[in-house]
Structures are given as structure tokens and as C-alpha cells.
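Reading the structure
Take a look at the letters that make up each chain.
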Amino acid sequence: MNLFLQIPPVVLGLLKGLAVICVIFPIAGACSMAERKVSAWLQGRFGPNRVIVPWFEWIPFLGRGLQRLGVFNLLADGGKLLFKEDPLPGHVNKFYFMIAPAIAIIPAFTTVVVVPFGAYIDQAGQVVPLMLANVDVGLLAVFAIASLGIYSMILAGWASNSKYPFLGSVRASAQLVSYELSLTLSVLPVFLWVNAPGTGASLSLVRVVAFQSLPGFWGGTWFIFLMPVSAFVFLIALFAETNRLPFDMIESEADLVGGFHTEYGSFKWSLFFVAEYAHMTVGSGVFVLLFFGGWNPLPWLPIGTFFGWLGLVQSAGQFSYAIAITQGVLSIAIFLAKVLFMIFFFMWVRWTVPRFRYDQVMRIGWRRLLPLALANVVVYAIVIALLQGD
Amino acid sequence: MLPPMSVIQVQRKPLTFAERTYLPQVFGGLMITLRHFFGRRVTLEYPEQRPEISPGYRGVPTLVKDPNGREKCVSCQLCEFVCPPKAIRIVPGEIPADAPNAHVEKAPQEFEINMLRCIYCGLCEEVCPEQAIFLQNVYSLCGYSRAELVNNKEKLYELGGTMPDQHFKWDKKKAAADHAPVHQ
């Protein structure tokens, strides 16, 4: 363990980053499989349940169970996308066509840096978040980097040099700009509340979770109960920002063939999808941190109390790595469970409702959601000023 | 003034506020899909589970034999003429004198149904005066080449099998021929 602490910070950062990517990338990939399976179940079908790796057939129950769950289809899908011929149409702008998928995936994975995903409790009883960089800009960095992802769609649509991708990317730019306003406005009350006078200014998501872990009735309340309108606007805007139905104007399989990725195939195409699911994962993570209490298992049950029940408390003398690691793994599991439920919710909505028309999307964005978010900010600003003012 | 026509003017109610937010409808939809999520699966797992073929199903057209194992087709070529996509080709031929069903009409020498052309309309079955061609329950048809998908006479009889009807046309013909040599 001392050896671990002696690693230079740069290398340590790289290692941590790789570890997080190694978790996010498979989640994003597995989401594509889960999407197929969830869609099947929601429609009363079985979904993919045939592929099996030969050796797994010999494992009783488990092998067959995994086969029925379609787990191995993920490998088959990935292998197919990886080894398929990668077509490069003759009429595209090759440079931008090639870098667009990279631009899609880099911001999607970069946003993970400032998102905390777990916590352990040190000897002083302080909650130490597990995250790559605990910076004060926090959520602002998530918004700033995540909104770069739109350039990949614009570039992809424009570089494809054909009509459907172009239309798709025009819709993309209009939609994403419209809903980013509501997205940002909706979280303002949260940060007005957590930046109480005398605490110093911070947009860090860690503080938001800390505020949902306070003792007492109002302290332990998750922000979804305190600020339901904020949560609602944020969720709707999140659907729009991640291009999920009912806001997938950008892909529009029915009327635009596939929107911005019409001309893409094989691995470049799959990069767009991994990026979309990574956006979904990070977006769900941010939503859970902001409104669902982060790694706290239940409302009014902070994780510190939870660990106390389980007996996972650091003794005063010796710092135990075993306890800290168990706490970390447990908190990550709680957080991931919430995130996965959110991802399921995304899929559930996708396979339930049809797509909005383009004018409906614009009307909802500008004439419904934005005024609602603005009114929400004003009301909460007044209430918070009354509550927190001297 | 025109008489009132039987037209009912439906009053289109303006949407309520709740409906305009889309939310109750979306929530209702979510509940419906959730019911299906936990409900029974309605699809078949095809190669293991086969669909139940209802009577009157129009599958691959086949030639059938009568219960005595004799071919019923007399190569009248009506099916060939009626076939809309011209999928059927028949070469009519005489029956050799020593055949068990000799001295009765003709039989096809060649009978080909091109399954790449067949549209499963069932007109051949409908038009056949001898009830020799039937669209039965074979629905899964595949091959590696075009030639493989042209069903010849052997294939058609193999697919068709025997039709357990009680007409026994050849027996009657033979009896009639034996007992009334005058007409020979």
C-alpha cells in the first residue's frame, strides 16, 4: 500500500483515469446490449438469447443463464463492429469525417473526471469522495465538456456531405443549444442552496451530496423532494441533451435514415454509440448526485450511518485499508445501482413514447421548459434568500 | 334548405392542461410497457418452437397421390395455364401400357414448380379438376442455388405425400373400362 502512495501523482492520475475508463467503457458497451434486451422485454419479446461461447456451455445453469440474458451477444456485436469493413464514402470530407467520432467520444469520457462515484470515511469521520479530480468548478466542467459533444454531430453531419446527415446535424445544433439553457438553469437552485453563506463558493458535486447527507429531516432530504421542479426540468433536458427518445431529432431513424451517422459504418459508427451511452451514464450519474443523494443508500439515511450499522467504522488508532476499500466498494455499488436504474429509465421511456415533432421539440424547449426553469430559479432564489439570510 | 344529413359533428374538446404537458400520457404509457416487461413473452423461439399451422394455410404447392399410391395428376395443364407468375411447367406424357394405372388418361412426364416465381396464390389448387395439387403446410423453404429451388416431380410428390380421399378415380375408371369394352 505504501508503494501505491509513492507513485508520482501524474502516473497515479493516469492509472486512476484508466481504471475509470475501464469501467465506463464496458458500461457504455453493455448498455447497447441492455437496450436490445430491455426493448425486447418491454415489447413482450425474448430478445437476443442465442449466442454462447463454447466453454460456457459446460457451466451448469450459469452458462445457460448468461446465454438467455444475451451477455455473449455483446461480444459478438463488439467483434462484428470491430472487424467489419470500415467504409469511407467518396463524397465526404475525409479529415472531419474521420475525427468526428473521436470528438464524440473524448468529451463523453472526459466528463467522468469531475464526477464523484463513491466515498469512504476517514478516521476523523469525514466523508472522502472517490473521484478523479475534486475541483471547485465541478458541474460547470461537466456542462462545458459535455456540450463539446455536439460538435461531433455537427462535424459528422457536415463532413458526410449528404442531405440526411446534414438535416440531422442542423436539428442537433438547434435542439442541443435550446435545451442546454434549461439544463443549466434547472440546477441553479441546487447550487444556491448548497452554497450557503459562510461556506465558500463551490460548484462541486461532492458538496451537493454532502448537503443531502446532513443529519435531521431537512438535512437528509434528497433534493428531488426539496426541488422537484428542478429535477423534472433537469431530467427532461437531460433526455434532450443525450439525444434519447422522445427527443432523438438527431437520429430520426424513421425520417432521416439515421441522421448524422447515416454515412458511418462499423467501428466509427459504434464510437458514436458508445459516446451516446457514455453521455447517458455520466448524465444519469450527475442526476443521481444532484437529486438522488449520490451514494447515500436511502433518503434520510446517510452513508456514514449506514456504515455504522454494518460496523464498518475506522478505529481511532490504526487506519484500516480493508475497511476503507469495503466502504468504497459498497458506496460505488450503491451509486452504480442508482445510475443503472436511471439508464433503465432512459430505455424504458425510449421504448414507450414516440418521438416529438421538430416544432414540438422547439416549442417545449423554448416556450415551456425555459420559462419553467426561469420561474423555478426566481422562486427558489427568493425562498433560499429568506431561509438562509440572516 | 338542405335536409339534415346523417353526419355527426364530433366536438373536439381542447386539450386540458394536464394533457398539454404530455406527462399523464407518458406516465400511462410507461405503466403499459412495464406490464409487458413483467408479462408473458408473446413471440416463439422459432427453430425449436414451431408455429401452429391453421387449416387452409397456403404453403409450398405439392403434388399428392391417392390412397393406392397412384399419382392423381393427369397433366391437363390447367394449373400451368392459370398460374399468374408462370411458375409451373408440365410436360404431358402417355402412360405406358403395363403401368398399374394404364388405360386411363395421361400423366405428367415432367412437372416443375419454380419456387422462385411462385406467389402462393393457390389458384393451381383451386383450378385442379383432379385434386392433385395442394398447397400444404411447408413454409420454410431455402436453397443454395436457383436450380435447387425448382421443385421437380419427385420432389413435389415427396413433399405432397398421400391424400387420404375416397375418390379412387383410377379404380373406377379401370372397372368401367373392364366392364364396358364396347366403348374401347
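In case you missed it, the structure is sitting above this.
Residues numbered from 1 in each chain as written. Chains lettered and ligands numbered in written order. Predicted model: local features only at pLDDT ≥ 70, side-chain atom pairs only at ≥ 80, totals over all residues.

**Some words on the overall build of chain B**
Regarding its fold elements, chain B presents six helices and five strands. Each helix and strand of chain B, placed in order from N terminus to C terminus, yields the pattern α-α-β-α-β-β-α-β-β-α-α. Relative to its length of 184 residues, chain B is extended, with a C-alpha radius of gyration of 28 Å against a globular reference of 16 Å. Along the three orthogonal principal directions, the C-alpha set of chain B runs to about 90 × 60 × 30 Å. Looking at chain B residue by residue over its 184 residues, the buried ones come to 17%. Look at the contacts in chain B between residues 6 or more apart in sequence, and 72% of them connect residues 24 or more apart. (Helix = DSSP H or I, 4+ residues; strand = E, 2+ residues; numbered from the N terminus. Rg over C-alpha atoms; globule rule 2.2 N^0.38 Å. Buried ≥ 20, exposed ≤ 12 C-beta atoms within 10 Å, placed from the backbone. Contact = placed C-beta atoms within 7 Å.)

**Considering the environment of proline 67 of chain B**
Residue and element names in this part refer to chain B. Within the fold, proline 67 resides in the loop between β1 (61-63) and α3 (78-82). Proline 67 sits 54 residues away from lysine 13 along the chain, and the two C-alpha atoms are 68 Å apart. Discounting chain neighbours no more than four positions away, the residues touching proline 67 are Thr162 and Pro164.

**Overview of the nonpolar core**
Residues and elements named next belong to chain A. Within the largest apolar cluster, 103 residues are counted, with the highest numbers of intra-cluster contacts made by Val115, Phe234, Ala237, Ala278, Val286, Phe287 and Leu290. By residue number, the principal contributor to this core is helix α14 (residues 266-291), which donates 14 residues. Look past the residues within four positions of alanine 278 in its chain and what remains in contact with it is Ile24, Ala28, Ala108 and Phe109. (Core = buried A, V, L, I, M, F, W, Y, C linked by C-beta atoms within 7 Å.)

**A closer look at the pairing of strand β1 (residues 118-121) of chain A**
The alternating pattern of β1 of chain A places Gly118 and Tyr120 of chain A and Ala119 and Ile121 of chain A on opposite faces, both of which are buried. The turn joining β1 of chain A and strand β2 (residues 127-130) of chain A, which pair antiparallel and follow one another in sequence, is formed by five residues; a positive phi near 80° is taken by glycine 125 of chain A. (Pairing = 2+ DSSP bridges.)

**Here's the deal with the pairing of β2 of chain A**
The sheet contact formed by β1 of chain A and β2 of chain A spans four bridges and is antiparallel. The partner of alanine 119 of chain A across the bridge, within β2 of chain A, is proline 129 of chain A.

**Some details on helix α2 (residues 9-42) of chain A**
Helix length check: α2 of chain A, at 34 residues, gives a terminal C-alpha distance of 47 Å against a target of 50 Å (1.5 Å per residue), a fit within 8%. The set of residues buried in α2 of chain A consists of Ile24, Ala28, Gly29, Cys31, Met33, Ala34, Glu35, Lys37, Val38, Trp41 and Leu42 of chain A. At its buried positions, α2 of chain A is contacted by α3 (62-69), α4 (71-83), α5 (94-110), α14 and α16 (321-350) of chain A together with α2 (23-38) of chain B. Looking one or two residues past α2 of chain A, glycine 44 of chain A carries a phi angle of roughly 75°, positive in sign. (Expected span 1.5 Å × (residues − 1).)

**Re the sheet that holds strand β2 (residues 88-94) of chain B**
All names here are of chain B. The strand order β2-β3-β5 describes an open sheet built from three strands, whose pairing is antiparallel. Edge positions in the open sheet fall to β2 and β5 (150-151), since each of these has one partner strand only. In this structure, β2 lies alongside strand β3 (residues 106-114), joined through seven bridges in antiparallel fashion. When the bridges of β3 are listed, proline 92 appears paired with proline 108.

**Some remarks on the interface of chain A and chain B**
At the junction of the two partners, chain A supplies eleven residues and chain B supplies eleven residues. Listed by contribution, the elements that provide at least two residues to the side of chain A that touches chain B are α2 and α16 of chain A. Here the side of chain A that touches chain B is built from residues that sort into seven nonpolar, three polar and one charged. (Nonpolar A, V, L, I, M, F, W, Y, C, P; charged D, E, K, R; others polar.)

**Let's talk about the packing of α2 of chain A against α16 of chain A**
All names here are of chain A. Their axes nearest at 10 Å, the elements α2 and α16 cross at an angle of 50°. If you check the angle between α2 and α16, you find them oblique. Between α2 and α16 lies a crossing whose hand is right-handed. Of the residues in α16, those in contact with Cys31, Ala34, Glu35, Val38, Ser39 and Leu42 of α2 are Ile343, Phe344, Met347 and Trp348. Residues of the contact of α2 with α16, tallied by class, amount to eight nonpolar, one polar and one charged. (Axes fitted to C-alpha atoms, helices over the stretch in contact; angles between N-to-C directions. Parallel < 35°, antiparallel > 145°, perpendicular 65-115°, else oblique. Left-handed = near helix turned anticlockwise from the far one by under 90°.)

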